Amino acid sequence: MYSSSTIMVLTIGDGVYGFTLDPLVGEFVMTHPNIKVPESGKIYSFNEGNCAMWSSGLQEYMKFVKDPEANGGKPYSARYIGSLVGDFHRTMLYGGVYGYPGDKKNVNGKLRLLYECAPMSFLAEQAGGVGSTGTERVLDIVPDIVHQRVPFFVGSKNEVAIIEKYLAEEK
């Protein structure tokens, strides 16, 4: 990820590790050993500009995260920069959920299973998080086509479970 520093996050199937580029020596140095996604987090990251086109269950979820009374006196914080990598990186470190759902125009969402959703889900699961379509685990999907798109929710286990509950209860 590129920001004020360049960070590379990777897994080899046993945990997740972050390395920050040290420009003085031109090498990546491990700065985030054994990254763990918090089980819960009060940050959500969605493009709410599309909310009117989302399913009723997801619209109800959006009401829930904004309701202080439903959340111990304080609503969730909205943080969306429009970059899957940047939003996901924050979610991994601080907890919460990133979502790119399907809508009336793009029923299967816009993110691709093989090279966006599955790799991020693998990182999330290696760090103790979850990747879901809202109805199933992303890593359980057998792709039909190379560029297959799926709705995507990734982050803290408890937060993704709340979304799955709202989607299962759709009116």
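A brief look at the structure comes next. Source: prediction; values computed, not measured. (Residues numbered from 1 in each chain as written. Predicted model: local features only at pLDDT ≥ 70, side-chain atom pairs only at ≥ 80, totals over all residues. Heavy atoms only, no water.)

A look at a nonpolar patch on the surface
Short version of the rule: Without a salt bridge and with relative accessible area above 30%, a residue can belong to a patch; like charges are then joined within 9 Å and nonpolar side chains (Val, Leu, Ile, Met, Phe, Trp, Tyr) within 5 Å. Residue burial considers only the protein chains on display, and all accessible areas are found by Shrake-Rupley using a 1.4 Å probe. When a carboxyl oxygen of Asp or Glu lies within 4 Å of a side-chain nitrogen of Lys or Arg, that pair is called a salt bridge. Where helices and strands are cited, they refer to DSSP runs of H or I of at least four residues and of E of at least two residues respectively, numbered from the N terminus.
Among the surface-exposed residues, Met8, Leu21 and Phe28 lie close enough to one another that they form a single nonpolar patch of about 230 Å² accessible area. Among the structural elements, methionine 8 can be located in strand β1 (residues 7-10).

Here's the deal with the packing of helix α1 (residues 56-66) against helix α4 (residues 157-168)
As a reminder of what qualifies: Under this scheme, a helix contributes an axis fitted over its contacting stretch, all axes are lines through C-alpha atoms, and angles between N-to-C directions fall in the 0 to 180 degree range. In this scheme, roughly parallel covers angles under 35 degrees and roughly antiparallel covers those over 145, while 65 to 115 is roughly perpendicular and the rest are oblique. Note on convention: the crossing is left-handed when the near helix lies turned anticlockwise from the far helix by less than a right angle, right-handed when the turn is clockwise. In this analysis, two residues are considered to be in contact whenever any of their non-hydrogen atoms come within 4.5 Å of each other. Put simply, Ala, Val, Leu, Ile, Met, Phe, Trp, Tyr, Cys and Pro go in the nonpolar bin, Asp, Glu, Lys and Arg in the charged bin, and everything else, Gly too, in the polar bin.
Between α1 and α4, whose axes approach to 7 Å, the crossing angle comes to 135°. With respect to their mutual orientation, α1 and α4 come out oblique. Judged by the sense of rotation from one axis to the other, the crossing of α1 with α4 is right-handed. Between α1 and α4, the contacting residues are Gly57, Leu58, Glu60, Tyr61 and Phe64 on the first element and Ile162, Ile163, Tyr166 and Leu167 on the second. In terms of residue class, the contact of α1 with α4 is built from seven nonpolar, one polar and one charged.

Observations concerning the side chain of threonine 91
Quick note on the threshold: Only protein chains enter the accessibility calculation, which uses a 1.4 Å probe; a residue whose area is less than 20% of its type maximum is buried, one above 50% is exposed, and one in between is partly exposed. Under this definition, polar contacts are N or O atom pairs within 3.5 Å; protein pairs additionally need one hydrogen-donor-capable and one acceptor-capable atom, and for neighbouring residues in sequence, both atoms have to be side-chain atoms.
Mapped onto the elements, threonine 91 comes out in helix α2 (residues 84-94). On the basis of relative accessible area, threonine 91 is assigned to the buried category, the value being 2%. At 2.9 Å, the side chain of threonine 91 and the backbone oxygen of aspartate 87 are in polar contact.

A look at the nonpolar core
Selection rule: The criterion is simple. A nonpolar core is a set of buried Ala, Val, Leu, Ile, Met, Phe, Trp, Tyr and Cys residues joined through side-chain atoms within 4.5 Å.
Core analysis: the largest hydrophobic core is formed by 21 residues, its most contacted members being Leu84, Phe88, Met92, Tyr98, Leu111 and Phe152. Sorting the residues of this core by element identifies α2, β6 (97-100), α3 (113-126) and β8 (152-155) as the ones contributing at least two each. Broken down by element, the residue count for this core peaks at six residues, all from α3. Once residues within four sequence positions are removed from consideration, tyrosine 98 is found in contact with Ser45, Tyr80, Leu84, Asp87, Thr91, Leu111, Phe152, Phe153 and Val154.

Considerations on the sheet that holds strand β2 (residues 17-22)
Rule in force here: In this description, strands pair whenever DSSP reports at least two bridges between them.
The strand order β1-β2-β3 describes an open sheet built from three strands, whose pairing is antiparallel. Either end of the sheet is taken by a strand with one partner, and the two such strands are β1 and β3 (27-32). Taken over all neighbouring pairs, the strand axes of this sheet differ in orientation by 35° on average, direction set aside.

Examining the environment of asparagine 34
With respect to the helices, strands and loops of the structure, asparagine 34 is situated in the loop between β3 and β4 (43-45). Among the residues examined, asparagine 34 registers a relative accessible area of 38% and is labelled partly exposed. Aside from chain neighbours lying at most four places away, what touches asparagine 34 is Gly15, Val16 and Tyr17.

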